[in-house]
Amino acid sequence: MSVSTRQVKNKRDGNGALTGKAGVVYDVNVKYQQQGKWRTHVKKGFATKKEAVQYEAEMRTKLASPSYSPIDMAKGKQTVQEYMETWVEQHGKANLRPSTFDGYKGYIRNHIVPHIGYVQLRALTPAMLDEMFQKMFDEGLSQSSVRYTQRILSVALEAARKYRYIDHNPARDILTKFGKQGKTPDPYTIPQMQQLFGLLTGTEWEMIVMLAGMYGMRMSEILGLRWRNVNLEKGCFAVVEQLPFKLPAGTTEVSEMAPVKGKGADGSGERTLPITDVAREYFERQLELQERQRRLALNGGGNYYENDLVIAKANGAPNRRDSVSANFAQLIRRLNMPHLRFHDLRHSAATNMHQLTGDFYTVGMILGHSLKGTGLQLGISTNLDAVTAQYVDVRLERKKFVLDAYHNALFPKTDEKQKEENRQNGE
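In short, a report on the structure. (Residues numbered from 1 in each chain as written. Predicted model: local features only at pLDDT ≥ 70, side-chain atom pairs only at ≥ 80, totals over all residues. Heavy atoms only, no water.)

### Considering the overall build of the chain
Check the secondary structure of the chain and you find 17 helices and eight strands. Looking at the chain as a whole, 46% of its 427 residues are labelled buried. Taking the contacts inside the chain whose residues are at least 6 apart along the sequence as the reference set, 63% of them involve residues at least 24 apart. Counting every atom, the chain has about 23,200 Å² of accessible surface; 48% of that belongs to carbon and sulfur. (Helix = DSSP H or I, 4+ residues; strand = E, 2+ residues; numbered from the N terminus. Buried < 20%, exposed > 50% of the residue type's maximum accessible area, 1.4 Å probe, protein only. Contact = heavy atoms within 4.5 Å. Areas by Shrake-Rupley, 256 points an atom, 1.4 Å probe, with all protein chains shown as cover.)

Next comes the structure, spelled out in C-alpha cells:
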C-alpha cells in the first residue's frame, strides 16, 4: 500500500496546527510513469489515515493523466522565507512600482517571515495563516495592514501553485474575516478647494497644492517637475519625469530623474498640459520667489543648488516625498480643514473636472491615468468604445477646455477683470 505510518514528537491536528503531543502521522508515496520513466510522488504528515487514503486516490487519478504536471517536490521543500524573498525580487522588480515593491519587501520582512518564515512551503496550511493573522491583530496591527499581508501572500502563493511548487493556494481558504477598513477621505468639493487655496495664498504650499489640486499631478511628478519642461511663452508644460523613489535624506542635488508612470491615458504620447490663465499666476509667482531665494542665498555667502526644480527648498535642494506627505497632514489639521491625504488632492481634481465637463477621457489624459483606472476612480462605466471613437487623440485645446472649466470655477473672474479682458480683445 502507498500509505505508511510514522511516529512524530509534535503532531499537527486536522487543521494543520501543532498540538504539542507525540503521535502517528501518515505519509503517501505514489509511484507513477512519466515519459517512460518511473517516478514517485510523496506527501507526508497527514493527521488521519482517511485523509492520506483519500489523497492517494486523488493523486493516482491525476498522475494517470498525461497532461497532469506533478508538483516540484524540491521547490515545495523550501521555506516560506526562502520562497517569498526570491519571489518578491523576481516578481517585484519586473511588475511592481518602486513604492509598492518596497512595501511588499517590508511586509514580508516584518510580518510574514517572523510568523511563518520557517515553515516549508508545501506544509503551509490555511490554519497557520489564520493563526498568523490573529497574532497580528493581537499585536495591534490595523485591519488594512493584516489584509495587505493576506493579499501579498495570496498573490505569491498563487504563483507557487501555478509553478507547481504546491498543490493549492492556502491563502485562498482562510477563515479570517476582515472588517471594513477606514473610509477613504472624500475628495474636496470646489468650495472646499477654494477655501484651501485662500488659506494657502502667499505660503510655500500654494504652488505644490495648485499642481496637485488643479492639475491632479502625482507627488513625485510635482517634486520632479523642472523649469526646462515649462514653457510660459507657449503656455504649456510637460510631465515627462518624476523624482526618484526614496531619495536619501540630506540629498542636495539630483542629476537624473525617474520616468513617469504613464504619459497619457493610453500609456503613449507625451503628456503635455496647458497653463491656464489662473495657473499662470502661480507659475510666475513661483519663478519670482525662487529667483529671489537664489539671489539672497548667494549674496549671503550660502549655497544654492541648481536643480532647476519648480518645487524645491529655499536653497534649491529637492524635497522628499515622505516629508511633504507628513507636513501636509499637519497642515490640514492646523487649518482645521476636513481630513485629506496629499494624494486625495489628485482625486479631488479628477472628480471636479469630471463633474464640470463629463469628459472622463480627457480627464484621464490630463492625469496620466489609464482609462480603466480613471473610470474606476470616478465610479463610472469603463466601457470606452464610444468615447475612444470620439477622442482618438486629445489635443492641447481639449485639455485646456477641461482645465479652464475647473480653474475658472475655482477662481471666477470679477466683473472688472472680465471687462478688462473684453477691452483687450476689442469686444
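### With respect to the nonpolar core
Grouped together as the largest cluster of nonpolar side chains are 57 residues, with contacts concentrated most on Met210, Leu211, Tyr215, Phe237 and Phe283. With eight residues, the top contributor of residues to this core is helix H8 (residues 206–215). Aside from chain neighbours lying at most four places away, what touches leucine 211 is Gly216, Met217, Ile222, Leu225, Phe237, Phe283 and Ile311. In terms of nonpolar packing, the next biggest core, distinct from the first, is built from 34 residues, Val113, Ile116, Ile174 and Phe178 among them. (Core = buried A, V, L, I, M, F, W, Y, C linked by side-chain atoms within 4.5 Å.)

### Things to note about the packing of aromatic side chains
For the coordinates displayed, the defined rule picks out 16 aromatic pairs. Residues phenylalanine 137 and phenylalanine 178 carry aromatic rings whose centres are separated by 6.4 Å and whose planes lie at 55 degrees to one another, so their mutual orientation is tilted. With phenylalanine 137 in helix H5 (residues 126–138) and phenylalanine 178 in the loop between helix H6 (143–162) and helix H7 (190–200), the pair connects residues that are 41 residues apart, well separated along the chain. Where phenylalanine 328 meets phenylalanine 342, the ring centres are 5.3 Å apart and the plane angle is 85 degrees; that geometry is what we call edge-to-face. Here phenylalanine 342 lies in the loop between helix H11 (321–334) and helix H12 (344–357) and phenylalanine 328 lies in helix H11, a separation of 14 residues in the sequence. Looking at phenylalanine 328, the relative accessible area reads 0%, which means it is buried. Among the aromatic residues, those joined into a cluster by ring pairs are Trp87, Tyr104, Tyr107 and Tyr148. Lying across the ring of tyrosine 282, arginine 285 places its NZ or CZ 4.8 Å from the centre. (Phe/Tyr/Trp six-rings, centres within 6.5 Å; stacked < 30°, edge-to-face > 60°. Lys NZ or Arg CZ within 6 Å of the ring centre and 35° of its normal.)

### A word on the sheet that holds strand S5 (residues 236–238)
Spatial strand order, S4-S5-S8: three strands in an open sheet with antiparallel pairing. What marks the edges here is a single partner per strand, and that holds for strand S4 (230–231) and strand S8 (272–274). (Pairing = 2+ DSSP bridges.)

### With respect to the pairing of strand S3 (residues 37–46)
Relative to S3, strand S2 (residues 23–34) is paired through eight bridges, and the arrangement is antiparallel. Bridge pairing links valine 28 to lysine 43 in S3. Hairpin geometry of S2 and S3 is characterised by an intervening segment of two residues between the two adjacent antiparallel strands and by a positive phi of about 55 degrees at glutamine 35.

### Some remarks on the sheet that holds S3
Taken together, the three strands give an open sheet; going across it, the order is S1-S2-S3, and neighbouring strands pair in antiparallel fashion. The two strands at the open ends of the sheet, each matched to only one other strand, are strand S1 (3–8) and S3. Between one strand and the next, the sheet's axes are offset by a mean angle of 25 degrees, whatever the strand orientation. Lying over the sheet, helix H1 (residues 49–63) contacts S1, S2 and S3, oriented at roughly 10 degrees with respect to S2. (Axes fitted to C-alpha atoms, helices over the stretch in contact; angles between N-to-C directions.)

### A short note on the pattern of salt bridges
Scanning the entire structure with this criterion turns up 18 salt bridges. The partner of lysine 135 in a salt bridge is glutamate 131, and the shortest N-O contact between them spans 3.6 Å. Placement of both lysine 135 and glutamate 131 in helix H5 is noted, with a separation of four residues, approximately one turn of the helix. Given the relative accessible area of 40%, lysine 135 is considered partly exposed. A relative accessible area of 40% places glutamate 131 in the partly exposed class. Among the salt bridges present, the one from arginine 271 reaches glutamate 221, with a minimum N-O distance of 2.9 Å. Here arginine 271, found in the loop between strand S7 (258–259) and S8, pairs with glutamate 221, found in helix H9 (residues 219–223); they are 50 residues apart in sequence, far enough to count as distant. In terms of burial, arginine 271 and glutamate 221 fall into one category: buried. (Salt bridge = Lys/Arg side-chain N within 4 Å of Asp/Glu carboxyl O.)

### With respect to unusual backbone geometry
You will see that arginine 164, though not glycine, has its phi angle at about 70 degrees, which is positive. On the secondary structure map, arginine 164 appears in the loop between H6 and H7. Given a relative accessible area of 17%, arginine 164 falls into the buried group. Unlike most non-glycine residues, asparagine 336 shows phi in positive territory, near 60 degrees. Following the sequence through the fold, asparagine 336 ends up in the loop between H11 and H12. Taking the relative accessible area as the measure of exposure, asparagine 336 reaches 69% and is therefore exposed.

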